[in-house]
Amino acid sequence: MTTKNNNWQRETDAEGIVWLTIDLPGSSTNTLNREVLEELDGILAELEAQRPTGLVIQSAKSNFIVGADIKEFTRIETMEQARELIHRGQAVVNRLENLRCPTVALIHGFCLGGGLELALGCDYRVADDDQDTRLGLPEVRLGIHPGFGGVARLPRLVGATAAMDMMLTGRSLSARAASKIGLVDYAVPRRHLQRAARQLIKTQPPKRRAGRLSTLGDTALLRPLLARVLRKKVAARARPEHYPAPYALIDIWSEYGTDKPAVLEAEEQSVARLIVGDTARNLVRVFFLQERLKSLGDKKAFTPRRIHVIGGGVMGGDIAAWCALRGLQVTVQDRSDVHLARVMERAAKLFRKKLRKPRLIQQALDRLMPDRRGEGLAQADVVIEAIFENVEAKQNLYREIEPRMKPGALLATNTSSIPLQVLGEALSDPKRLVGLHFFNPVAKMQLVEIVTTADTNAEAATQAAAFTRHIDRLPLPVNSSPGFLVNRVLMPYLLEAVTLEAEGLAPKVIDAEALRFGMPMGPILLADTVGLDICLSVAEILSKELGVEVPARLRELVKAGRLGKKSGHGFYRYDKQGKPLGAKPGRGEYCPPDTQDRLISRLLNEALACLREGVVADADLLDAGIIFGTGFAPFRGGPMKYIEQTGREKLAAKMAELHKKYGDRFQADESWLPAPGRAE
Ligand code: NAI
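Position numbers for residues count from 1 along each chain, tracking the sequence in the order it is written. In keeping with the predicted nature of the model, local features appear solely for residues at pLDDT of at least 70, side-chain atom pairs appear and are counted solely at 80 or more, and the whole-chain, interface and lining totals rest on all residues. Where side-chain values are given, they derive from all heavy atoms of the structure, hydrogens and water being excluded.

Quick notes on the overall build of the protein
Put simply, the rule is: Counting from the N terminus, the helices are the DSSP runs of H or I reaching at least four residues and the strands are the DSSP runs of E reaching at least two. Each radius of gyration is computed over the set of C-alpha atoms, and the globule rule expresses the reference value as 2.2 Å times the number of residues to the power 0.38. Throughout, exposure labels follow a simple rule: accessible area from a 1.4 Å probe, protein chains only, divided by the maximum for the residue type, with under 20% read as buried, over 50% as exposed, and the rest as partly exposed. The protein chains shown are the only cover counted for residues, whose accessible areas, like all others here, come from Shrake-Rupley with a 1.4 Å probe. Note that His is not counted, nor are the chain ends; the positive residues are Lys and Arg, and the negative ones are Asp and Glu. A charged residue contributes its charge at one atom only: NZ of Lys, CZ of Arg, CG of Asp or CD of Glu.
If you tally the helices and strands in the protein, you get 28 helices and 18 strands. Relative to the 2.2 N^0.38 estimate, which gives 26 Å for 680 residues, the radius of gyration of the protein is 27 Å and therefore close to what a compact globule would have. Taking the principal axes of the C-alpha coordinates as reference, the protein spans close to 80 × 60 × 55 Å. Every one of the 680 residues in the protein was classed for burial, and the buried ones make up 55%. Total accessible area on the protein is roughly 30400 Å²; 51% of this is exposed by carbon and sulfur atoms. Of note, the protein has its 95 positive side-chain charges centred 6 Å away from the centre of its 82 negative side-chain charges.

Examining the sheet that holds strand β4 (residues 54–59)
Applicable threshold: Only when DSSP finds a minimum of two bridges between them are two strands counted as paired. Structural elements are reduced to axes, namely lines fitted to C-alpha atoms, with helices fitted over the stretch in contact, and the angle between N-to-C directions of any two is expressed from 0 to 180 degrees.
Strand order in the open sheet formed by seven strands is β1-β2-β3-β4-β5-β7-β10, and the pairing between neighbours is mixed. The sheet is open, and its two edges are formed by β1 (2–4) and β10 (186–188), each paired on a single side. Strand-to-strand twist across the sheet, computed as the mean angle between neighbouring axes with direction ignored, equals 20 degrees. Pairing of strand β3 (residues 17–22) with β4 involves six bridges; the strand directions are parallel.

Points about the side chain of Asp 123
Short version of the rule: Here a polar contact is recorded for every N or O atom pair within 3.5 Å, except that within protein the pair must consist of a potential hydrogen donor and a potential acceptor, and residues adjacent in sequence are included only if both atoms are side-chain atoms. Whether two residues are in contact is decided by their heavy atoms: any pair within 4.5 Å suffices.
Its place among the elements puts Asp 123 in the loop between α4 (114–120) and β7 (124–128). Overall, Asp 123 belongs to the buried group, its relative accessible area being 10%. Polar contacts involving the side chain of Asp 123 include one to the side chain of Lys 207, which spans 3.2 Å. The contact partners of Asp 123, leaving out residues within four places of it in the chain, are Cys 101, Pro 102, Thr 103 and Lys 207.

As for the site of the ligand
Let me state the cut-off plainly: Whether a residue is near a molecule or strand is decided by its heavy atoms; if any one of them lies within 4 Å of it, the residue is near. Each residue gets one of three labels, nonpolar for Ala, Val, Leu, Ile, Met, Phe, Trp, Tyr, Cys and Pro, charged for Asp, Glu, Lys and Arg, and polar for the others, Gly among them.
In the vicinity of the ligand, 21 residues are found, and the nearest of them are Asp 334, His 339, Glu 389, Lys 394 and Ser 416. Interatomic distance of 3.5 Å between a backbone N/O atom of Gly 313 and an oxygen atom of the ligand. For the ligand, the protein covers 87% of the area, taking 830 Å² as the surface of the free molecule. Taken together, the residues of the shell around the ligand break down into eight nonpolar, nine polar and four charged.

Focus on helix α16 (residues 358–367)
Here is the rule: Each C-beta atom gives one direction from the helix axis, and the arc is the one those directions make.
All of the buried residues along α16 are Leu 360, Ile 361, Ala 364 and Arg 367. One side of α16 carries all its buried residues, which in axial view fall inside an arc of 120 degrees. Opposite the packed face of α16, turned more than 90 degrees from it, sit the exposed residues Pro 358 and Arg 359.

Description of a positive patch on the surface
Using the following cut-off: Patch criteria: residues need more than 30% relative accessible area and no salt bridge. Like-charged residues are merged within 9 Å; nonpolar side chains of Val, Leu, Ile, Met, Phe, Trp and Tyr are merged within 5 Å. The salt bridge definition used is simple: a Lys or Arg side-chain nitrogen within 4 Å of an Asp or Glu carboxyl oxygen.
Taken together, the side chains of Lys 349, Arg 352, Lys 353, Lys 354, Lys 444, Lys 565 and Lys 579 define a basic patch exposed on the protein surface. Relative to the helices and strands, Lys 444 is located in the loop between β16 (433–437) and β17 (447–452).

Structural notes on the domain arrangement of the protein
Here is the rule we go by: Start and end points for every domain follow an automatic or database-based domain assignment.
Entries for the protein in the domain assignment read domain 1 (2–276), domain 2 (299–478) and domain 3 (487–614 + 647–666). When each unit is reduced to the centre of its C-alpha atoms, the spacing between domain 1 and domain 2 is 41 Å.

Some remarks on helix α26 (residues 619–630)
Counted only if it meets this: Multiplying one less than the number of residues by 1.5 Å gives the expected span of a helix.
Counted at 1.5 Å a residue, the expected span for α26 with its 12 residues is 16 Å, and the 16 Å between its end C-alpha atoms agrees. Of all 12 residues in α26, 10 are buried; the element is thus mostly enclosed. Burial in α26 covers these residues: Leu 621, Leu 622, Asp 623, Ala 624, Gly 625, Ile 626, Ile 627, Phe 628, Gly 629 and Thr 630. Buried residues in α26 make contact with α13 (278–295), β17, β18 (474–479), α20 (486–502), α25 (595–613) and α27 (639–646). Near the N-terminus of α26, the side chain that reaches the backbone nitrogen of Asp 620, with its oxygen 3.1 Å away, is that of Asp 618. Backbone geometry just after α26 places Gly 631 at a positive phi near 85 degrees.

A few points about unusual backbone geometry
It is generally the case that most residues other than glycine have a negative phi and that most peptide bonds are trans. Cis geometry is adopted by the peptide bond preceding Pro 441, which originates at Asn 440 and carries an omega value of -5 degrees. Residue placement: Pro 441 occurs in the loop between β16 and β17. Despite not being glycine, Gln 204 has its phi angle at roughly 45 degrees, a positive value. Assignment of secondary structure puts Gln 204 in the loop between α8 (193–203) and α9 (212–215). Residues other than glycine seldom take positive phi values, yet Arg 356 does so here, at roughly 65 degrees. Here Arg 356 is to be found in the loop between α15 (337–355) and α16. By relative accessible area, which is 69% here, Arg 356 ends up exposed.

With respect to the sheet that holds strand β6 (residues 110–112)
Taken in spatial order, the three strands line up as β6-β8-β9 in an open sheet, and their pairing is mixed. Because the sheet does not close on itself, it has two edges, and the strands there are β6 and β9 (172–173). Summarising the sheet, β6 and strand β8 (residues 134–136) pair through three bridges and their orientation is parallel. Bridging across to β8, Leu 112 finds its partner in Gly 136.

Re the nonpolar core
Where we set the bar: To form a nonpolar core, buried Ala, Val, Leu, Ile, Met, Phe, Trp, Tyr and Cys residues must be joined to one another through side-chain atoms within 4.5 Å.
Judged by nonpolar contacts, the single largest core of 93 residues is most densely connected at Tyr 398, Ile 401, Leu 485 and Tyr 493. Residue contributions to this core peak at 10 residues, all from α20. When residues of this core are assigned to domains, at least three map to each of domain 2 (299–478) and domain 3 (487–614 + 647–666). Counting 76 residues, the second largest nonpolar core, distinct from the first, contains Leu 24, Leu 40, Ile 107 and Val 151.

Some points on the pairing of strand β12 (residues 329–333)
Operational definition: Viewed with both strands pointing away, a crossover whose connecting path from the first strand over the helix to the second turns clockwise is right-handed.
Counting buried residues along β12, four of its five residues qualify, which places the element largely inside the surrounding structure. Note: strand β11 (residues 306–310) against β12, five bridges, orientation parallel. Each bridged residue has a counterpart across the sheet, and for Ile 307 the counterpart in β12 is Val 330. Of the crossover connections in this fold, the one passing from β11 over helix α14 (residues 314–325) to the parallel β12 is right-handed.

So, the environment of Ala 378
You can see Ala 378 is positioned in the loop between β13 (368–370) and β14 (382–385). Classification of Ala 378 by relative accessible area gives partly exposed; the value is 37%. Separated by 52 residues in the primary sequence, Ala 378 and Pro 430 place their C-alpha atoms 18 Å from one another. Not counting residues up to four positions away in its chain, the partners in contact with Ala 378 are Arg 404 and Lys 406.

A word on the environment of Val 56
Within the secondary structure layout, Val 56 lies in strand β4. Along the chain, Val 56 and Tyr 124 lie 68 residues apart, while their C-alpha atoms are 9.4 Å from each other. Once residues within four sequence positions are removed from consideration, Val 56 is found in contact with Ile 17, Val 18, Trp 19, Leu 20, Val 104, Leu 106, Ala 197 and Ile 201.

Remarks on the state of the cysteines
By definition, a disulfide is the covalent link that joins the sulfur atoms of two cysteine residues. Defined as follows: By convention in this document, the label disulfide applies to cysteine sulfur atom pairs within 2.5 Å.
This model, assessed by the stated rule, comprises zero disulfides. Cys 101 carries a free sulfur, and the closest cysteine sulfur to it, the one in Cys 122, is 9.8 Å from it. Residue Cys 101 is classed as buried on the basis of its relative accessible area, which comes to 6%.

Here is the structure:
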């Protein structure tokens, strides 16, 4: 017998087992929205009366359940509303847990957040051992922690250490890893899933509980000690004033441990408080900004198969490797065999790290071909140029390759500063030239600026954006203006840090101020990592085009061969592993009180100028670009959001003060305050 409501389909088989299948209409994924939970609650109420042989919860889509519906978070205005939503989720999972028949979650694909918490309410869990299966509780990434009973149930099941690690990092596990820690009962091939579920229902083996060893520390006496260790670990990555959620989670566990009703109550209170706070609101916003960037590239619009990269240096080599990792057929051309050998070496390292399985690593290596003579050029759907940052060299190359390219192929440059109009002069069809500006390191930085001019062919821009989605990067359309968006906004901030250092402030003190603001890395360390020669060349372009001051100190260091991390010495010295020496701030070092303001004001000022000039289309895209291109404190929601939340007048007054004290590099952009008589 089959019954169906909007999101769930229920079928009872000959053995009396109820198969409950979630399948949200008109959506590619399943989420636990209000309606889904209400329907499930109703179904469970009926099953309480029917007492079936067993219940299996499964999904009709390629994923199990990806979590709560984040869109609903944005509609929450008060803590009371939040509590009501969380309470409803908890009540449904409790009802499932208390059902008087064996229950199994059949998991494949993503089983995340509320989805995993629902599965934790079942007696047993069976997961598809395919590599696409991922189980996790990523709530901390949205500034909250599990609220549908995850904090109460996971430590009992897998032990406090493994549970806290999953919840504090938001890391997800493969089915095998989940089975190793006891999170799932079986990890089996897809075709055996249903049989495994049936078997569990028939035999009803004892339910999984964390072993003695992993619950040793979980006593009222020991928990506070372990909690202290956990807090220290978290503090190395996130400050409580910036990211309160992991600390709140540790507090709950430390205080209530295995007292389930108390933990549930505390979860509800705590998540309700966090969800209406600035950090969670901004992180949720960042989530949607990411979705927006994703939507700017339509994979269906273009299916590239062969990629040819010219220039196997730092960038070209890593772009080529990344494309091969993502399944494309890649040739990489360089004049130097030594550089090509290095590309293959770095690629092998990347593949080993990301793919782990020898067979997959070998397949990726087979997709990447060193190509000294450029034989792959004529077959490529996308040609990416990443040679030296030199106009003449690039133009000469374009003259040579254009006639050999496949008709209709996309020509992209990774230039970080040369206007496309200039490069296009060497082409007979400059309309097909786009910028695909990747960031260093390619494997870590998700953003790719899609650079176009007023003349760029619309199809080429669409193809460029589609290509970035095929390689799982985020496209950001920007105008071909000096420094595009990210470097232009970042550079004044880096240069101010250089000026501060030239004034005598220790690099580690400057970096500590940026970390205090919430940057993931200080500007001095960032400049060293990017390379001081690269910083200088971008700064010089911005200086020529926009009058940005270049501190003499930067030129001096580059002249002295101190190029940063790559040369072992920049502002910091580096050990053999590339770790900076003396970068940890000590206690009580003097720092002028306006240091942070000087750094951040210059960044904000340039962001406003970019928006006014239309380098990007709107404030949201600007925030997205700066967060995903530079790592700008995500919990602050981006520069424009930060200006809005702190108050324009307040920040403009600060700019005026700095201008008076330090001169024209703090000249406020005209868009800080609306002109008299002009409405904002
Ligand atoms: P790099 O100096 O590491 O690599 C350049 C490579 O191109 C070298 O291996 C060289 O042998 C090769 N090459 C030069 N002329 C060639 C030609 N005619 N044919 C074939 N190979 C040739 O430079 P890097 O840092 O990788 O930069 C490349 C491009 O990427 C530049 O346009 C740069 O502005 C841009 N970029 C650099 C970033 C960085 O952080 N390094 C970030 C984003 C963009």
